[in-house]
Amino acid sequence: MSRTTTMTVRLSGALSDFVAANVGEDGSYENISEYVRDLIRRDKERAEAAAFDRLKAELTHVFAAPDESYKPLSAADVIARNQTAE
C-alpha cells in the first residue's frame, strides 16, 4: 500500500524565483508539488543509473580478467568467504 507524506520546504531569493518561473501559466508544471515530484523522480533515476554504471564497470573489469586468474571454489569456500566478510 502506498503512503503519502506531506513535507514543508522553505525557499527564498533566487531559488524561490526559479521555482515560480517553472510553475503556473508560464512554467512547465501546474503546481509546485508536481515540480518537486518530477525532480525527485529524476534524481532517483540518476542514482539508479549511477549504481548500474558502477556495477557495469565492475563486471566489465571482472570479465576482462584472464581465465588463469580464476580459481575454482566450492560452495563451502564461498560460504566461508562470505561469513568472514560480514
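In this text the structure is predicted, and so the values were computed from the model without any measurement. (Residues numbered from 1 in each chain as written. Predicted model: local features only at pLDDT ≥ 70, side-chain atom pairs only at ≥ 80, totals over all residues. Heavy atoms only, no water.)

Colleague: Looking at this model, I keep getting lost on the side chain of asparagine 22. Mind explaining?
Modeller: Turning to its location among the elements, asparagine 22 is positioned in helix 1 (residues 13-22). By relative accessible area, asparagine 22 is classed as buried at 18%. Reaching out from asparagine 22, the side chain makes a polar contact with the backbone oxygen of phenylalanine 18 at a distance of 2.8 Å. Once you skip the residues sitting within four places of it in the chain, asparagine 22 turns out to touch Gly27, Ser28, Tyr29 and Tyr35. (Helix = DSSP H or I, 4+ residues; strand = E, 2+ residues; numbered from the N terminus. Buried < 20%, exposed > 50% of the residue type's maximum accessible area, 1.4 Å probe, protein only. Polar contact = N/O pair within 3.5 Å; in protein donor to acceptor, adjacent residues only side chain to side chain. Contact = heavy atoms within 4.5 Å.)

Colleague: Explain the pattern of salt bridges here, please?
Modeller: When their charged atoms lie close together, side chains carrying opposite charge are able to pair. Under the criterion given, the structure shown has three salt bridges. A salt bridge links aspartate 43 to arginine 46; the nearest nitrogen and oxygen atoms lie 2.9 Å apart. With aspartate 43 and arginine 46 both in helix 2 (residues 32-64) and three residues apart, this pair spans about one turn of that helix. When its relative accessible area of 41% is taken as the criterion, aspartate 43 is described as partly exposed. Linking lysine 44 and glutamate 48 is a salt bridge whose minimum nitrogen-to-oxygen distance equals 2.8 Å. Residue lysine 44 and its partner glutamate 48 are both found in helix 2; the two are separated by four residues, about one turn of the helix. On the basis of relative accessible area, lysine 44 is assigned to the exposed category, the value being 51%. (Salt bridge = Lys/Arg side-chain N within 4 Å of Asp/Glu carboxyl O.)

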